[in-house]
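# Architecture at a glance
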Amino acid sequence: MTDRPRGRARQPGPAPSKRPYGQPKGQRNERPFKQRGERRKPHARTVHELDPRRAAFETLRRMKPGDLLEPAVQATLKYQGHNTEAAHRVLPMLEDAVRFAFLFDHLVAHLSSRPPSELDPDVRAALHLFLAWYLLDDPRAAYAHGNAAVDLLTPDHKGRGFVNALVRRLGEFVRVEQTEPEYYRALVDAHQPPPLWADRARLGGGRMLVAERAIFPDPGKDLAAHLSIVGSLPRWLVERLIEQHGPEAATQVAISTIERPATWVRPNPLSAGWQELAQWWTARGTDVEAVQTPFDTTALALPAKVRNLTEHPSWALGAFYVQDYSAQLVAPALQAKPGEMLLDLCSAPGGKAGHLAELTGDRAKILACDVTEPKIELIRQNVARMGYRSIAMVQADAAEVKFPEQFDRVLVDAPCSNSGVLARRVEARHRIDENAVRDLNALQLRILENAAANLKPGGVLVYSVCSILLDEGPDVIHRFLRGKVGDKRREDDWEVEYENYLLPVPAWHDGGYVARLRAP
């Protein structure tokens, strides 16, 4: 996905003259004034009239757990009469409130006589936004942030006094310390988990929340309880991560969900070299790090908060695509060749289909498939910008579609829990639960089996998910291989040629799973 667009205010035009241009002097206008009973369409509000805090509050108080943030903000802006391009002014504070919701509830619970789950939704939303402003925006303005939080509630709201008292106490109970950002990559390379404390928690970018006293569970005694609060994750998910990956890896994953990862760019070798792309950003003071992938391709890492991606002169020419490092390891695993017929199921937004086009010199025959028209349109837009000629699109259900011709290679980037990309998909932590994972497992297996049905004998199939749960990765592959075709199990004939599990690294990249299978 691209960087969010900058807001463009709808500027008022010049004041209308009393006499329209070209009208003879002395001729009366037919309708110079509004007629009695006539309702004229109100002028759209400009971006300068937008109150981002109010818009964030109105969005947060109405959101259901797991709702996508950007569509929710856009719906609020439309309702308030604002241009939806102003969403980038509201999203950062809303992302902070949603990302740290479990942590904020824990802080409120320490000072409130009522559990956060029993609070009025408006009160809870106001408290979460106050903590987002105070802890993650400007800690020096606690009093002003508190006033703003109280003013979010209507004058006759019964919770105004409660919110006023609690924000003052929260401003005294916790404070913020700014330290040097931790170099997590060195800790990961040394197989050392990030340190944990009972009286403080990370807020990202070296910023620390420090409480008056130890308020977090002792990580040595109950690691799951501690990580679920300081990592702001559901308890069941942390327990599963500890069970499947061990305590050190679970700690790494939990911390990665609150640290903003780098912005990764995939250079398009059909258009430009990565050196040319990097030079433009470097000349404007943006740090760029070139990283060689295991497949001998180059990925560019830019700072997490870079904002000038679409301003790059090569953006419109399709010289690069914004895609995380972990996602850039999927398409190369297919080992596609020019002239082959390739199928990309669950293709939207088209990043991996485009990567296949680049890897084959735009000389393969690629079919990108997804289930809805908006997703197909998104693929179409990205293909058009990048300039690929080898990609066709079709709207179809990946779990059921049968094509008249079989394919040399099939890529399945299956729907999943997003547990490996929670640093970017902050709302997903509130959407997934154990039942949802079970439902996804069934869908993933159906799609994988249908992909195999569309594959030529001896063909190659790649299965990937942006999840780090074993349930959605190796377990799906094992269930697929244990399945029968006729009287034989697939595991008797199919071969697993490649498998890679990548855990997210805090402040660096996301995580995911990839496996390559060869059919008999």
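Residues numbered from 1 in each chain as written. Predicted model: local features only at pLDDT ≥ 70, side-chain atom pairs only at ≥ 80, totals over all residues. Heavy atoms only, no water.

## Digging into the sheet that holds strand S7 (residues 320–322)
Within a beta sheet, neighbouring strands are joined by backbone hydrogen bonds and run either parallel or antiparallel to one another. The strand order across the open sheet formed by four strands is S5-S6-S4-S7, and the pairing between neighbours is antiparallel. Strands with a single pairing partner mark the edges of an open sheet, and in this sheet they are strand S5 (289–292) and S7. Pairwise comparison of adjacent strand axes, ignoring direction, gives a mean angle of 30 degrees for this sheet. One ladder, built from three bridges, connects strand S4 (residues 263–267) with strand S6 (residues 298–302); its direction is antiparallel. Counterpart to Val-265 in the pairing with S6 is Leu-300. Lying over the sheet, helix H13 (residues 351–359) contacts S4 and S7, oriented at roughly 35 degrees with respect to S4. (Pairing = 2+ DSSP bridges. Helix = DSSP H or I, 4+ residues; strand = E, 2+ residues; numbered from the N terminus. Axes fitted to C-alpha atoms, helices over the stretch in contact; angles between N-to-C directions. Contact = heavy atoms within 4.5 Å.)

## Points about the packing of aromatic side chains
Taken as a whole, this structure holds 12 aromatic pairs when the rule is applied. By way of ring pairs, the aromatic residues Trp-280, Trp-281, Trp-315 and Phe-320 are connected into one cluster. Here the basic side chain of Arg-168 rests over the ring of Tyr-143, its NZ or CZ set 4.3 Å away from the ring centre. (Phe/Tyr/Trp six-rings, centres within 6.5 Å; stacked < 30°, edge-to-face > 60°. Lys NZ or Arg CZ within 6 Å of the ring centre and 35° of its normal.)

## So, H13
The element H13 is largely enclosed, with a buried count of eight among its nine residues. Positive phi shows up at Gly-361, right after H13, with a value of about 65 degrees. (Buried < 20%, exposed > 50% of the residue type's maximum accessible area, 1.4 Å probe, protein only.)

## Re the layout of surface pockets
In this model, the second largest pocket occupies a volume close to 440 Å³. Looking at the lining of the second largest pocket, the elements with two or more residues in it are helix H1 (52–62), helix H3 (91–99), helix H4 (101–111) and helix H5 (121–136). Considering every element that reaches the lining of the second largest pocket, the biggest residue donor is H5, with four residues. Across the lining of the second largest pocket, the residue classes tally to 11 nonpolar, three polar and seven charged. (1 Å grid on protein atoms, 1.4 Å probe; cavity = no way out; pocket = protein on both sides within 12 Å on 5 of 7 lines; lining within 4 Å. Points joined across faces, edges and corners; volume = space filled by probe spheres on them. Nonpolar A, V, L, I, M, F, W, Y, C, P; charged D, E, K, R; others polar.)

## Some points on the nonpolar core
Nonpolar side chains in soluble globular proteins tend to be buried together. Ranked by size, the top nonpolar core spans 74 residues in total, and within it Leu-107 and Leu-135 carry the most contacts. The contacts of Leu-135, once residues within four sequence positions are left out, are Phe-104, Leu-107, Val-174, Val-176, Leu-203, Arg-207 and Leu-209. Membership of the second largest hydrophobic core comes to 34 residues, among which are Leu-343, Ala-398, Leu-481 and Leu-517. (Core = buried A, V, L, I, M, F, W, Y, C linked by side-chain atoms within 4.5 Å.)

## Things to note about a positive patch on the surface
Together, Arg-479, Arg-482, Lys-484 and Arg-489 line one region of the surface with positive charge. With respect to the helices, strands and loops of the structure, Arg-482 is situated in helix H16 (residues 474–482). With relative accessibility at 43%, the residue Arg-482 sits in the partly exposed group. (Patch = residues over 30% accessible without salt bridge, like charges linked within 9 Å, V, L, I, M, F, W, Y side chains within 5 Å. Areas by Shrake-Rupley, 256 points an atom, 1.4 Å probe, with all protein chains shown as cover. Salt bridge = Lys/Arg side-chain N within 4 Å of Asp/Glu carboxyl O. Lys, Arg positive; Asp, Glu negative; His and termini not counted. Charge placed at Lys NZ, Arg CZ, Asp CG, Glu CD.)

## Section: the environment of Glu-58
Mapped onto the fold, Glu-58 is located in helix H1. For Glu-58, a relative accessible area of 15% puts it in the buried group. Separated by 19 residues in the primary sequence, Glu-58 and Leu-77 have C-alpha atoms spaced 9.6 Å apart.

## As for the packing of helix H9 (residues 223–230) against helix H10 (residues 235–245)
Relative to each other, H9 and H10 sit at 125 degrees, their axes nearing to 9 Å. Of the possible angle classes, the one that applies to H9 and H10 is oblique. Relative to H10, H9 is oriented so that their crossing is right-handed. Judged by residue contacts, Leu-223, Ala-224, Ala-225, Leu-227 and Ser-228 of H9 engage Arg-235, Val-238, Glu-239 and Ile-242 from H10. Grouping the constituent residues of the contact of H9 with H10 by class yields six nonpolar, one polar and two charged. (Parallel < 35°, antiparallel > 145°, perpendicular 65-115°, else oblique. Left-handed = near helix turned anticlockwise from the far one by under 90°.)

## Let's talk about the sheet that holds strand S12 (residues 455–465)
Strand order in the open sheet made by the seven strands is S10-S9-S8-S11-S12-S16-S15, with mixed pairing throughout. Unpaired on one side and paired on the other, strand S10 (391–395) and strand S15 (495–502) mark the two borders of the sheet. Averaged over all pairs of adjacent strands, the angle between their axes in this sheet comes to 15 degrees, without regard to strand direction. In this sheet, S12 lies alongside strand S11 (residues 407–413) in parallel orientation, the contact comprising six bridges. Note on S12: the bridge partner recorded for Arg-409 is Val-460. Set on the sheet, helix H14 (residues 373–386) makes contact with strand S9 (365–370) and S10; between it and S10 the angle comes to about 170 degrees. Contacts from helix H15 (residues 434–453) reach strand S8 (341–345), S11 and S12, with the element oriented near 155 degrees to S12.

## Overview of the pattern of salt bridges
Scanning the model with the defined rule gives 35 salt bridges in all. Asp-471 serves as the salt-bridge partner of Arg-240, at 3.0 Å between the closest nitrogen and oxygen. Of this pair, Arg-240 sits in helix H10 while Asp-471 is found in the loop between S12 and H16, placing the two residues 231 residues apart along the sequence. A single burial state applies to Arg-240 and to Asp-471, both of which are buried. For the salt bridge of Glu-377 with Arg-380, the shortest nitrogen-to-oxygen distance reads 2.7 Å. Of this pair, Glu-377 and Arg-380 both sit in helix H14, three residues apart, which is roughly one turn of the helix. Looking at Glu-377, the relative accessible area reads 30%, which means it is partly exposed. Overlapping salt bridges, with partners in common, bring together Arg-54, Glu-58, Arg-61, Arg-62 and Asp-122 in one network.

## So, empty space enclosed by the protein
Over the atoms, a rolled probe matching the size of one water molecule traces out where space is still vacant. The tally for this structure, following the rule as stated, stands at two cavities of 30 Å³ or more. Estimated volume of the largest cavity: approximately 40 Å³. The wall of the largest cavity is formed by Pro-195, Leu-196, Trp-197, Arg-200, Ala-201, Arg-202, His-226, Val-230, Ile-255 and Ile-258. Elements with a minimum of two residues in the lining of the largest cavity: strand S2 (200–204) and H9. Tallied by class, residues from the lining of the largest cavity come to seven nonpolar, one polar and two charged. Space inside the second largest cavity adds up to approximately 40 Å³. What lines the second largest cavity is simply Ser-256, Thr-257, Ser-419, Gly-420, Val-421, Leu-422, Ala-423, Pro-504 and Asp-510. A breakdown of the residues in the lining of the second largest cavity according to their chemical character gives four nonpolar, four polar and one charged.

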